[in-house]
Amino acid sequence: MNSKINKILKKKNKSKIICLTSYSKNMAEEADKYADIILVGDSLGSVLYNYDTTRKVTLSNMIDHSKSVRQGVKKSLMVVDMPYNTYYTKNLALKNARKIIKETKCDAVKLEGGKKIIEQIRFLIKNKIPVMGHLGLLPQTNRGKFKSKGGNIREKKQLIKDSLLLQDSGVFSIVLECIKTSTAKQITDKLNIPTIGIGSSVNCDGQVLVIDDLIGLNDTKIKFVKKFVNIKKYINLGLRKFALDVKSKKYPLKKHSY
Ligand code: KIV
């Protein structure tokens, strides 16, 4: 098994797992200092391209951004989202996962869903492709509806069943998105593999956030996002200084010129 995956597995019940998204080299370089897992999420569709759905993200979008991210990741486990429509049969899933891994040199892929895509997940793992699961709110299929999951008995039972099914299939970890606190806790307690929460409470084994959201680069009102810094303030400071210096001819100086 990939030694980075082994390290992640060993953190279960010991220390919290840090997962951050990245879409480019420079950000990945910074994220790599703090993260155990760097995810090239298909959230890049809404964050970078302003798409109204992640369904519009293509395989080549993911591969191009992942190649850039790869340049910045040295120590973290690098996971790449398989975009919508790239894994609706097991053979297609294998062909595309192999392409992603070959071209981006990532460590693993992530697919959204439980029972409905279990054949594809089993087939990838049988073919030695490490897979991260994703349950709860599934942006590729929950189009536009931003609603928590696992709040009623039926959903709770289904999520627990799906998480056990994913574990049995061999995924090394599962992202739990927008799952009610008590359900996320039950899932996390039942599994031997780590859960990574996003909007799913402190009970998960780790947490993930979209980096642009947590640094305040992307304006979002989503309940689970905490803005840890207002990076726009610093960007504006730099840009204003540049504009002022250009206008007042303080930049470029002789030392900046050839
Ligand atoms: O696409 C993404 O960035 C994700 C995370 C938010 C879990 O799937």
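Since we're looking at a predicted model, the values are computed, not measured.

Thresholds applied
Residues numbered from 1 in each chain as written. Predicted model: local features only at pLDDT ≥ 70, side-chain atom pairs only at ≥ 80, totals over all residues. Heavy atoms only, no water. Salt bridge = Lys/Arg side-chain N within 4 Å of Asp/Glu carboxyl O. Helix = DSSP H or I, 4+ residues; strand = E, 2+ residues; numbered from the N terminus. Buried < 20%, exposed > 50% of the residue type's maximum accessible area, 1.4 Å probe, protein only. Pairing = 2+ DSSP bridges. Axes fitted to C-alpha atoms, helices over the stretch in contact; angles between N-to-C directions. Contact = heavy atoms within 4.5 Å. Near = heavy atom within 4 Å. Polar contact = N/O pair within 3.5 Å; in protein donor to acceptor, adjacent residues only side chain to side chain. Areas by Shrake-Rupley, 256 points an atom, 1.4 Å probe, with all protein chains shown as cover. Nonpolar A, V, L, I, M, F, W, Y, C, P; charged D, E, K, R; others polar.

Caption draft 1: Geometry of the pattern of salt bridges. Throughout the structure, instances matching the rule amount to 10 salt bridges. The shortest N-O distance in the salt bridge between K110 and D81 comes to 2.7 Å. With a gap of 29 residues between them, K110 in strand β4 (residues 108-110) and D81 in strand β3 (residues 77-81) connect regions that are remote in the sequence. For the residue pair K110 and D81, the accessibility class agrees, reading buried in each case. A salt bridge links D189 to K185, with the nearest nitrogen and oxygen atoms 2.8 Å apart. Of the two residues, D189 and K185 are both situated in helix α8 (residues 181-190); the distance of 4 residues between them amounts to about one turn of the helix. We classify D189 as exposed; its relative accessible area is 53%. Members of the salt-bridge network, linked through shared partners, are K67, K99 and E103.

Caption draft 2: Structural view of the sheet that holds β4. Pairing in this closed barrel of 8 strands is parallel, and the strands run β1-β2-β3-β4-β5-β6-β7-β8 around the ring. Pairs of neighbouring strands in the sheet enclose a mean axial angle of 25°, with direction left out of account. Across 4 bridges, the pairing between strand β1 (residues 17-21) and strand β8 (residues 206-209) is parallel. By the bridge assignment, L20 is partnered in β8 with L209. Along the sheet, helix α4 (residues 59-72) makes contact with β2 (37-40) and β3, crossing β3 at roughly 170°.

Caption draft 3: Structural view of the environment of D212. By secondary structure assignment, the location of D212 is in helix α9 (residues 211-214). Relative accessible area serves as the criterion here: at 8%, D212 is assigned to the buried category. Sequence-wise, D212 and I231 are 19 residues apart; in three dimensions their C-alpha atoms are separated by 9.2 Å.

Caption draft 4: Just the site of the ligand, in detail. The local shell around the ligand consists of T21, L39, G41, D42, S43, D81, K110, H134, V175 and I198. Separating an oxygen atom of the ligand from a side-chain N or O atom of D81 is a distance of 3.1 Å. For the ligand, whose unbound accessible area comes to 260 Å², protein coverage reaches 94%. Class assignment for the residues of the shell around the ligand results in 3 nonpolar, 4 polar and 3 charged.

Caption draft 5: Up close: the side chain of N142. Along the polypeptide, N142 turns up in the loop between β5 (131-136) and α7 (153-169). Classification of N142 by relative accessible area gives buried; the value is 13%. Looking at N142, its side chain comes within polar contact range of the side chain of K149, at 2.9 Å. If we skip the residues at most four places from it in the chain, N142 touches G136, L137 and K149.

Caption draft 6: Representation of unusual backbone geometry. Cis geometry is adopted by the peptide bond preceding P252, which originates at Y251 and carries an omega value of -5°. Structurally, P252 is set in the segment after α10 (231-247). Even without glycine at this site, N50 takes up a positive phi of about 60°. Inspection of the secondary structure puts N50 in the loop between α3 (44-47) and α4. Despite not being glycine, C178 has its phi angle at roughly 55°, a positive value. For C178, the position within the fold is in the loop between β6 (173-177) and α8.

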